[in-house]
Amino acid sequence: MITLALASLGGMVQAQTVYEAAKLNEEDIDGTARYVGMGGAMNALGGDISVMKSNPAGIGIFRSNDLSLSFSYVNTATGSEAGRKGGMSFDDIGLVYANRVSGSGLLRFINIGFNYHKRRNFNNRTVSRRGGAGFNKSQTYQFANMATQGTNRYGEPGYDPDQLDAKETFVTSNPYVGWLPAMAYQAYLIDPVYYENEGRYEFDGEYTPYMQSGLFTSVDNYYESEESGWVNDYDFNISFNFSDRLYFGATLTASDVRYRKTSLYKEDFYDDTTSPVYYGGGYDLKNYFSTKGSGLGFSAGVIYRPLSSMRVAFSFATSTIYWLNDYQESSIAYDVDAVIEGSVQQVSGEVFPVDGHGNFIPYEYSYQVVTPWKLNVAVGGTLLNCLAFDAEYEFKNSAKTKLRDMDGIKLVYENDAMSSWFKGQHTFRAGVEAKPLPMLALRVGYNYTTALFDAFDASNADANAYKSLSPSAARTDTEYSNSYAKQSISAGLGFRSRYFYADVAYQYSMYKQDFFEYDDVALLPVNLKTDRHQLLFTLGCRF
C-alpha cells in the first residue's frame, strides 16, 4: 500500500534542489596523516597512497610495496550555540604493489594500487535562533505563499481548502498538492481568504499566514539539526615509471554515499504590547532526510622530473556521476490559538503525510548528480635531502554541475540555477616536510578553496541563491545555507624505520556561511561559522 503511494509521487513537481548537488561538490582533506599534515599538497611529490585519486601518477613513485591504514577523531560544530559533534572515523586503508620491470630500461615499474578513503565526513551539529520584540518574520508566510501559488482542480491559481484537507491530499495527482501547504493548513497555520459576493462568502484563491492573524506582534524561532554520513571512495590504480623521470597513472573511482539529517524548526508567537505578554503558542516542523547511492569517476595524471630535486605535475579528474535516492519523513506539531467560526480557540495536535487510509507515508525520489571536471597543476621538490615541498593550484568549474532524473533527463530549472549561482572554485595548497633526523619528519600544510556561492547581496535579492520549493513539492525541509571560502591549516610528524612507519597530524578547518531557515526575500541571513578539528593517525609498512 505504501509502495503504491510512493510510486504515485514519481511525477511530483520539483523534487530536488541545487543544495543536494552542492553537498557533493564539497570535499574534505582526508587520507593518511602525512597527506593531511601537508595540507593535501602532495600531487607533485607523490609516494603517498592518498594521491591515488588526486594525481594517480604519484603511485608510480613507489619502489616497494606499501600497506597503510588511517583513522581519526573528528569534532565539528556550526553556530556558537551548537554542542560539538565528535566521533572516531576510519578514514583510509590502501595497498600498493610495486612491480619492477627493469633496473635500467625505459619502463622501470608498473605499479598497481587500491585505496579506500573517506572523501566527505558529514558529521555536524547546527544551532541557530533569532527573534525578540518586534521581529515578525515567520515561515507561515512561506506556507501561505505556496498555498496561494498552487493550482486547483480547474487549473486556477490557489489550492481549494478541500484540496489541502482531503483524504487523498498527499497522494493525489490531479493536481499534485504540496506537502508543506497541506500540513500547514491542517495545523491551522494558514487561513483561506473569503470575500462577500451577493450575500455569500466565496474563496478568492489566497491564504493568510498565522503571523497575520492579528493576535501577535512578534515571533521567536529556533533551529537545530544533526547530520551524519559520508562519501567513501574506492580507488583502483595503475601507474608507470619511465626511467625514474616520467610517471603516469590512471585511477577508476567507485563512490559510496550515505547522508542523514534530523532537523527541528520551531516558531513561538506572542504579543509584546500587552501586559502581561500574550503568548499564542507555536509549532514544530520536524524532518528526517537521508540520501544514499553510488558514484563512478575517473582521473589521470603525470609527474615529470626535469631535475633530480624537482618535480612538476599535472592531473585531471573527469565528471563523477552519482545515482542517488532521497528519503524523507516529516511532521508538524502545533499548539496555536486559531480563529474558528469567529472565535479564538486553542487547538493542538500533530499532522504528517498519510495515504488514503490514514497510514503514515514517507517521500522517496531517485535522481542523478553529475559533478564537474577539475584540473590540478603542482610543483614540488627536495632540498639538501632533508626538506621537501609541494605547492598546487586546482580549478573546478562547479557551475557545470548537473542534476538529472533517474532516466537521465536533465532538470532544466535546477541546472539553470546552478549555472547562475555556482561559481568556479579555485584551490591553493602548500605543504612542507622537514627531516631533522633520518627517522623523523615534521610537516605543516595550508589549503584554501574559494566559495561555491557569491556573498549575500541585500540590495539585489534576485542574485542570491536560495532553496526554491515549488507549491506542489513534497519536500518539507526548507532550510539552506550558502557557504563562503574554506581554509585549513595542519601540522604533523612522522617516524620511519626500515619497514614500518607511523604518522600523526592535526587539522583545523573552518568556513563561514549564510544560513536561512526558509525562503523569504525579506529574511536576512544568520551568519554562522563551521569549524572542524581532526586528529589523525596512520600506521603502515613497506615490504
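Residues numbered from 1 in each chain as written. Predicted model: local features only at pLDDT ≥ 70, side-chain atom pairs only at ≥ 80, totals over all residues. Heavy atoms only, no water.

Novice: A description of the overall build of the protein should follow, citing residues and the corresponding values.
Specialist: The number of helices and strands found in the protein is eight helices and 21 strands. Overall, the protein is about 100 × 50 × 40 Å in size when its C-alpha atoms are taken along their principal axes. With 543 residues in all, the protein has 55% of them scored as buried. When contacts within the protein are restricted to residue pairs at least 6 apart in sequence, those whose partners lie at least 24 apart make up 71%. (Helix = DSSP H or I, 4+ residues; strand = E, 2+ residues; numbered from the N terminus. Buried < 20%, exposed > 50% of the residue type's maximum accessible area, 1.4 Å probe, protein only. Contact = heavy atoms within 4.5 Å.)

Novice: Pulling in residues and values, what's your account of the confidence of the model for the protein?
Specialist: Here the protein shows a mean pLDDT of 92. Residues at 70 or above account for 96%. Confidence, read as mean pLDDT per element, is least for helix α1 (residues 2-7) in the protein (36) and greatest for strand β18 (residues 440-449) (98). In this model residues 1-12 is a low-confidence stretch, pLDDT under 50, and it forms 27 contacts with partners more than four residues away in sequence or in other chains. (pLDDT = per-residue confidence, 0-100.)

Novice: Which residues make up the pattern of salt bridges, and what values do they have?
Specialist: Close approach of charged atoms lets side chains of opposite charge pair. For the structure shown, the criterion picks out 27 salt bridges. Asp28 is paired through a salt bridge with Arg532; the nearest N and O atoms lie 3.9 Å apart. One end of the pair, Asp28, is in the loop between α2 (18-25) and α3 (33-37); the other, Arg532, is in strand β21 (residues 526-542), with 504 residues separating them in the sequence. As far as burial versus exposure is concerned, Asp28 and Arg532 are alike and both buried. Salt-bridge contacts for Arg125 lead to Glu224; the nearest nitrogen and oxygen are separated by 3.8 Å. One end of the pair, Arg125, is in strand β4 (residues 124-130); the other, Glu224, is in strand β7 (residues 218-242), with 99 residues separating them in the sequence. Take Arg125: its relative accessible area is 18%, and that puts it in the buried class. (Salt bridge = Lys/Arg side-chain N within 4 Å of Asp/Glu carboxyl O.)

Novice: A description of the packing of aromatic side chains should follow, citing residues and the corresponding values.
Specialist: Per the stated rule, a full pass over the model turns up 34 aromatic pairs. When the ring of Phe216 is compared with that of Phe269, the centres are 5.6 Å apart and the planes differ by 40°; the resulting orientation is tilted. With a gap of 53 residues between them, Phe216 in the loop between β6 (200-209) and β7 and Phe269 in strand β8 (residues 246-271) connect regions that are remote in the sequence. No difference in accessibility class separates Phe216 from Phe269, as the two residues are buried. Between Tyr265 and Tyr283, the aromatic rings sit 6.5 Å apart at their centres with planes inclined by 65°, giving edge-to-face as the arrangement. Taken as a pair, Tyr265 in strand β8 and Tyr283 in strand β9 (residues 278-307) lie far apart in primary sequence, 18 residues in all. Neither residue differs from the other here; Tyr265 and Tyr283 are each classed as buried. The ring of Tyr259 is capped by Lys23, whose NZ or CZ atom sits 4.4 Å from the centre of that ring. (Phe/Tyr/Trp six-rings, centres within 6.5 Å; stacked < 30°, edge-to-face > 60°. Lys NZ or Arg CZ within 6 Å of the ring centre and 35° of its normal.)

Novice: With reference to specific residues and values, describe helix α8 (residues 412-421).
Specialist: Structurally, the α-helix is built with 3.6 residues per turn, so residues lying three or four positions apart point the same way. Those residues of α8 not exposed but buried are Glu414, Asn415, Ala417, Met418 and Trp421. Within α8, the buried residues cover an arc of 160° as seen down the axis, which keeps them to one side. Of the residues in α8, the exposed ones pointing more than 90 degrees away from the buried face are Val412, Asp416 and Ser420. Packed against the buried residues of α8 are α2 and β16 (402-405). (Arc of directions from axis to C-beta.)

Novice: I'd like a rundown of the environment of Gly349, residues and numbers included.
Specialist: Structurally, the position occupied by Gly349 is in strand β12 (residues 343-351). Considering only alpha carbons, one finds Gly349 and Ser330, 19 residues apart in sequence, at a separation of 14 Å. Apart from residues lying up to four places away in sequence, Gly349 is in contact with Ile332, Ala333 and Tyr334.

Novice: How would you sum up the pairing of β21? Please name residues and give values.
Specialist: Here 13 bridges tie strand β1 (residues 66-78) to β21, and the two strands are oriented antiparallel to one another. For Phe71, the partnering residue across the bridge sits in β21 and is Phe537. Summarising the sheet, strand β20 (residues 500-516) and β21 pair through 16 bridges and their orientation is antiparallel. Paired with Tyr506 across the strands is Leu535, a residue of β21. (Pairing = 2+ DSSP bridges.)

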